[in-house]
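Residue strings, one per chain:
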Amino acid sequence: MKEFRVTPIRNGTVIDHIDCGMALKVLRIIGVGQNVRSTVSILMHVPSKKAGWKDVVKVEDRELDPREVDKISLISPKATINIIRDFNVAEKYKLDLPNVVRGIVRCGNPSCITNLKEPVEPEFIIDNDDPPVLRCIYCDRILDDIAEHLI
Ligand SMILES: [Zn+2]
């Protein structure tokens with residue numbers, strides 16, 4: 001099989017090994033469409049040596065902040081981040097799901113204290129890594145659709 005190559009970018013971030021079908025959700029996390037002035041490329045349904053099929057997102061002239069990285073790890077825990085500087089991979093890392101996430105997803109339970117007008121930040125325990133299972137520490141509810149509840 002011919003090796004798959006992505007067009008090189010000078011500076012930016014390549015998010016690789018995204019679970020197939022999740023690329024658009026990754027774009028939403030990194031806020032593409034709002035105030036991004038650089039080029040963003042998406043490759044969907046690309047053959048992966050590791051696991052069948054994958055999506056890839058390349059964002060030029062931009063690196064991700066830790067909140068964005070945590071969010072991506074929640075919807076696609078197998079993704080890898082490559083930071084490109086001057087056409088070279090300056091840093092490459094696998095996502096590492098934290099044990100607890102705070103303030104990046106909302107609880108799906110409307111009567112949870114975090115959804116009332118209390119100054120309580122949503123907080124979840126990670127019950128399972130892949131697929132990620134999040135349990136609210138306040139009401140114990142398992143979050144149904146993580147991508148839909150990202151803050
Ligand atoms: Zn809750």
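Heads up: these notes are all about the structure in this document. (Residues numbered from 1 in each chain as written. Predicted model: local features only at pLDDT ≥ 70, side-chain atom pairs only at ≥ 80, totals over all residues. Heavy atoms only, no water.)

1. Re the overall build of the protein
Looking only at helices and strands, the protein features two helices and eight strands. Since a compact globule built from 151 residues should have a radius of gyration of about 15 Å, the 17 Å found for the protein is in line with a globular shape. Along the longest, intermediate and shortest principal axes, the C-alpha atoms of the protein span 50 × 35 × 25 Å. Across the 151 residues in the protein, those meeting the buried criterion constitute 40%. Looking at the protein alone, contacts between residues at least 24 apart form 61% of all its contacts between residues at least 6 apart. With the model as given, the accessible surface of the protein reaches about 8900 Å², and the carbon-plus-sulfur share is 48%. (Helix = DSSP H or I, 4+ residues; strand = E, 2+ residues; numbered from the N terminus. Rg over C-alpha atoms; globule rule 2.2 N^0.38 Å. Buried < 20%, exposed > 50% of the residue type's maximum accessible area, 1.4 Å probe, protein only. Contact = heavy atoms within 4.5 Å. Areas by Shrake-Rupley, 256 points an atom, 1.4 Å probe, with all protein chains shown as cover.)

2. Quick notes on the coordination of the zinc ion
Within the first shell, the zinc ion binds the protein through C107 (SG), C112 (SG), C136 (SG) and C139 (SG), at distances of 2.3 to 2.4 Å. Each of the four donor atoms around the zinc ion contributes to a set of angles spanning 98 to 115°, which defines the coordination as tetrahedral. (Donors = N, O, S within 2.8 Å, 3.2 Å for Na, K, Ca; no water. Tetrahedral: all angles 85-135°; square planar, octahedral: opposite > 155°, others 65-115°.)

3. Some points on the sheet that holds strand 8 (residues 132–136)
The antiparallel open sheet is built from three strands, whose spatial order is 6-7-8. Because the sheet does not close on itself, it has two edges, and the strands there are strand 6 (100–102) and strand 8. Across the sheet, the mean angle from the axis of one strand to that of its neighbour is 35°, orientation sign disregarded. (Pairing = 2+ DSSP bridges. Axes fitted to C-alpha atoms, helices over the stretch in contact; angles between N-to-C directions.)

4. Some details on a nonpolar patch on the surface
Residues I113, L116, I137 and Y138 make up a contiguous nonpolar surface patch of roughly 330 Å² in combined accessible area. Tracing the backbone through its elements, the reader meets I137 in the segment after strand 8. (Patch = residues over 30% accessible without salt bridge, like charges linked within 9 Å, V, L, I, M, F, W, Y side chains within 5 Å. Salt bridge = Lys/Arg side-chain N within 4 Å of Asp/Glu carboxyl O.)

5. Comments concerning the pattern of salt bridges
Following the criterion strictly, the structure yields ten salt bridges and no others. The partner of R135 in a salt bridge is D127, and the shortest N-O contact between them spans 2.9 Å. According to the relative accessible area criterion, R135 is partly exposed, its value standing at 24%. Via salt bridges that share partners, E63, R85 and E91 belong to a single interconnected network.

6. Digging into helix 2 (residues 66–75)
Turn by turn, an α-helix covers 3.6 residues, leaving residues three or four places apart pointing in a common direction. Counting buried positions along helix 2 gives seven out of ten residues, so the element sits mostly inside the fold. Those residues of helix 2 that fall on the buried side of the exposure criterion are E68, V69, K71, I72, S73, L74 and I75. Buried positions along helix 2 lie against strand 1 (12–19), helix 1 (23–29), strand 5 (88–94), strand 6, strand 7 (123–129) and strand 8. Structurally, the start of helix 2 carries an N-cap: the backbone nitrogen of R67 is 3.1 Å from a side-chain oxygen of D65. (Polar contact = N/O pair within 3.5 Å; in protein donor to acceptor, adjacent residues only side chain to side chain.)

7. Remarks on the pairing of strand 7
Sheet topology note: the strand 6/strand 7 ladder contains three bridges and is antiparallel. Looking at the pairing, V101 lines up with F124 of strand 7. Of the pairings in the sheet, the one linking strand 7 to strand 8 comprises five bridges and is antiparallel in character. Considered in strand 8, the bridge of F124 is made with C136.

Any link to function would need more than the numbers given here.
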